[in-house]
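Listed below are the residues making up each chain.
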Amino acid sequence: MIIDEDTGAEELAPIAKAVNDLLVIPVTIRSKNKKGVRVEKGEVIDFEYTGPILERVIEENQVIRTTPLTGEYAHIPVVVAPIRNKQGDVVAALGVVDVVGSVDLGVVFSEYPSVFQKIEPCP
């Protein structure tokens, strides 16, 4: 599968479902030129999805961690990352509810220092 700026929701759905299965948290994804999907609890909820942070990431081509004021996930922390082509241009954006951002990982993994060492600190 190749993701480009015109990839549609149907093609992006398996990626969103896989990430949702792995993390068990809501997942959104859309390409630059087409709306995408929103997946919760293993099911595609919306095949015409976009959101303000997905759109910002596509425009700015950078990871954004924030709490949106509008949209489906208003007032819920999210993290959204760009998906880039070989040239580094953004072709899509993938977002998740940021449950990790609200947790003190040092406390959670204090008993497991080997796991904590593998987690990259957020800027």
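For the structure, check the block above.
Being a predicted model, the structure only gives us computed values, none of them experimental.

A short note on the overall build of the chain
Point 1. Along the chain, the regular secondary structure elements total four helices and six strands.
Point 2. Going from N to C terminus, the chain has its helices and strands arranged as α-β-β-β-α-β-β-β-α-α.
Point 3. Burial status across the chain gives 33% buried among its 123 residues.
Point 4. If you take every contact in the chain between residues at least 6 apart in sequence, the share linking residues at least 24 apart comes to 42%.
Point 5. On the chain, roughly 7,700 Å² of surface is accessible, and the fraction owed to carbon and sulfur atoms is 55%.

Brief notes about unusual backbone geometry
Point 1. Even without being glycine, Val 24 reaches a positive phi, approximately 55 degrees.
Point 2. Among the residues examined, Val 24 registers a relative accessible area of 68% and is labelled exposed.
Point 3. Its identity is not glycine, yet His 75 carries a phi of approximately 70 degrees, on the positive side.
Point 4. Within the secondary structure layout, His 75 lies in the loop between strand E4 (64-66) and strand E5 (78-84).
Point 5. With relative accessibility at 58%, the residue His 75 sits in the exposed group.

Here's the deal with the side chain of Arg 38
Point 1. As for its position among the elements, Arg 38 is in strand E2 (residues 36-40).
Point 2. Here the side chain of Arg 38 touches Glu 40 through a polar contact of 3.0 Å, side chain to side chain.
Point 3. In this view, Arg 38 contacts Val 27, Thr 28, Glu 43, Val 44, Ile 45, Asp 46, Tyr 49, Glu 72 and Tyr 73; residues no more than four positions away in its chain are not counted.

Notes on empty space enclosed by the protein
Point 1. The full count for this structure, using the stated rule, is one cavity of 30 Å³ or more.
Point 2. Volume-wise, the largest cavity comes out at about 140 Å³.
Point 3. In terms of lining residues, the largest cavity is bounded by 18 residues, among which Thr 28, Tyr 49, Tyr 73, Val 78 and Val 80 are the most central.
Point 4. Going through the elements one at a time, strand E1 (27-31), helix H2 (52-60), E5 and strand E6 (90-97) are the ones with two or more residues in the lining of the largest cavity.
Point 5. Taken together, the residues that form the lining of the largest cavity break down as twelve nonpolar, five polar and one charged.

Topic: H2
Point 1. Those residues of H2 that sit buried are Ile 53, Leu 54, Val 57 and Ile 58. Seen end-on, H2 carries its buried residues on one side only, within an arc spanning 140 degrees.
Point 2. Here the buried face of H2 lies against E1, strand E3 (43-49), E4, E5 and E6.
Point 3. Just beyond H2, the residue with positive phi is Asn 61, at close to 55 degrees.

Quick look at the sheet that holds E1
Point 1. Taken in spatial order, the six strands of this open sheet run E3-E2-E1-E6-E5-E4, and their pairing is antiparallel. Where the open sheet ends on each side, the last strands, each with one partner, are E3 and E4. Across this sheet, the average inter-strand angle for adjacent strands is 15 degrees, counted without regard to direction.
Point 2. Bridge analysis of E2 against E3 gives four bridges, and the strand direction is antiparallel.

Parameters at a glance
Residues numbered from 1 in each chain as written. Predicted model: local features only at pLDDT ≥ 70, side-chain atom pairs only at ≥ 80, totals over all residues. Heavy atoms only, no water. Helix = DSSP H or I, 4+ residues; strand = E, 2+ residues; numbered from the N terminus. Buried < 20%, exposed > 50% of the residue type's maximum accessible area, 1.4 Å probe, protein only. Contact = heavy atoms within 4.5 Å. Areas by Shrake-Rupley, 256 points an atom, 1.4 Å probe, with all protein chains shown as cover. Polar contact = N/O pair within 3.5 Å; in protein donor to acceptor, adjacent residues only side chain to side chain. 1 Å grid on protein atoms, 1.4 Å probe; cavity = no way out; pocket = protein on both sides within 12 Å on 5 of 7 lines; lining within 4 Å. Points joined across faces, edges and corners; volume = space filled by probe spheres on them. Nonpolar A, V, L, I, M, F, W, Y, C, P; charged D, E, K, R; others polar. Arc of directions from axis to C-beta. Pairing = 2+ DSSP bridges. Axes fitted to C-alpha atoms, helices over the stretch in contact; angles between N-to-C directions.

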